[in-house]
Amino acid sequence: MKLPVDIKDIKDFAYITNRKLPNEQGEKSGEVVMWRRKGEDEFNYKLKCPHCGEEQESSVVFKKRPYRVKCSNCGKSIMVEKLSKK
Ligand SMILES: [Zn+2]
């Protein structure tokens, strides 16, 4: 999945991650791209649900780790591990 934002100035971002997501069988059938700009509380993300395959785009404010997003289609909770700081 491509990042849907222009990241040519990566210094503007507090977090960016792009990772594959495993389903319950351990197959990496999903993917998430998540990013947060510096000075903003909201994380934005694009998600391909590993469980149902639905693609969605949303934003969320996390209060604590581990970070979890919920699929708007099948309702499953998906953990986004170790957001990498760059
Ligand atoms: Zn789903």
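Bear in mind that the values here come from a model prediction, so they are computed numbers and not experimental data. (Residues numbered from 1 in each chain as written. Predicted model: local features only at pLDDT ≥ 70, side-chain atom pairs only at ≥ 80, totals over all residues. Heavy atoms only, no water.)

Draft legend 1. Broad picture of the environment of Pro-66. Here Pro-66 is to be found in the loop between strand 4 (55-60) and strand 5 (67-70). Relative accessible area serves as the criterion here: at 46%, Pro-66 is assigned to the partly exposed category. Considered as a pair, Pro-66 and Met-79 are 13 residues apart in the sequence and their alpha carbons are 6.8 Å apart. (Helix = DSSP H or I, 4+ residues; strand = E, 2+ residues; numbered from the N terminus. Buried < 20%, exposed > 50% of the residue type's maximum accessible area, 1.4 Å probe, protein only.)

Draft legend 2. Highlighting the layout of surface pockets. Volume-wise, the largest pocket comes out at about 150 Å³. Taken together, Arg-19, Lys-20, Leu-21, Pro-22, Pro-50, His-51, Ser-77, Ile-78, Met-79 and Glu-81 make up the full set of residues lining the largest pocket. For the lining of the largest pocket, the secondary-structure elements that each account for two or more residues are strand 1 (13-21) and strand 6 (77-80). Of the residues assigned to the lining of the largest pocket, the class counts are five nonpolar, two polar and three charged. (1 Å grid on protein atoms, 1.4 Å probe; cavity = no way out; pocket = protein on both sides within 12 Å on 5 of 7 lines; lining within 4 Å. Points joined across faces, edges and corners; volume = space filled by probe spheres on them. Nonpolar A, V, L, I, M, F, W, Y, C, P; charged D, E, K, R; others polar.)

Draft legend 3. Layout of the nonpolar core. One finds Val-32, Met-34, Leu-47, Val-69 and Ile-78 to be the most contacted residues of the largest nonpolar core, which totals 15 residues. Residues contacting Val-69, with those up to four places away along its chain left out, are Met-34, Tyr-45, Leu-47, Val-60, Phe-62, Lys-76, Ser-77, Ile-78 and Val-80. (Core = buried A, V, L, I, M, F, W, Y, C linked by side-chain atoms within 4.5 Å. Contact = heavy atoms within 4.5 Å.)

Draft legend 4. Inspection of the sheet that holds strand 4 at higher detail. Spatial ordering of the open sheet is given by 1-2-3-4, a layout of four strands whose pairing is antiparallel. The sheet is open, and its two edges are formed by strand 1 and strand 4, each paired on a single side. Here the strands of the sheet are splayed against their neighbours by 10° on average, with no regard to which way each runs. Two strands pair when backbone bridges link them, and strand 2 (residues 30-37) and strand 3 (residues 43-48) are joined in this way by five bridges, in the antiparallel orientation. (Pairing = 2+ DSSP bridges. Axes fitted to C-alpha atoms, helices over the stretch in contact; angles between N-to-C directions.)

Draft legend 5. Looking closely at the pairing of strand 3. Adjacent in sequence and paired antiparallel, strand 2 and strand 3 are bridged by five residues, among which Gly-39 carries a positive phi angle near 85°. With six bridges connecting them, strand 3 and strand 4 associate as antiparallel partners. Residue pairing in the sheet places Lys-46 in a bridge with Glu-57 of strand 4. The antiparallel pairing of strand 3 with strand 4 creates a hairpin that spans six residues between the two strands, and Gly-53 there sits at a positive phi of about 85°.

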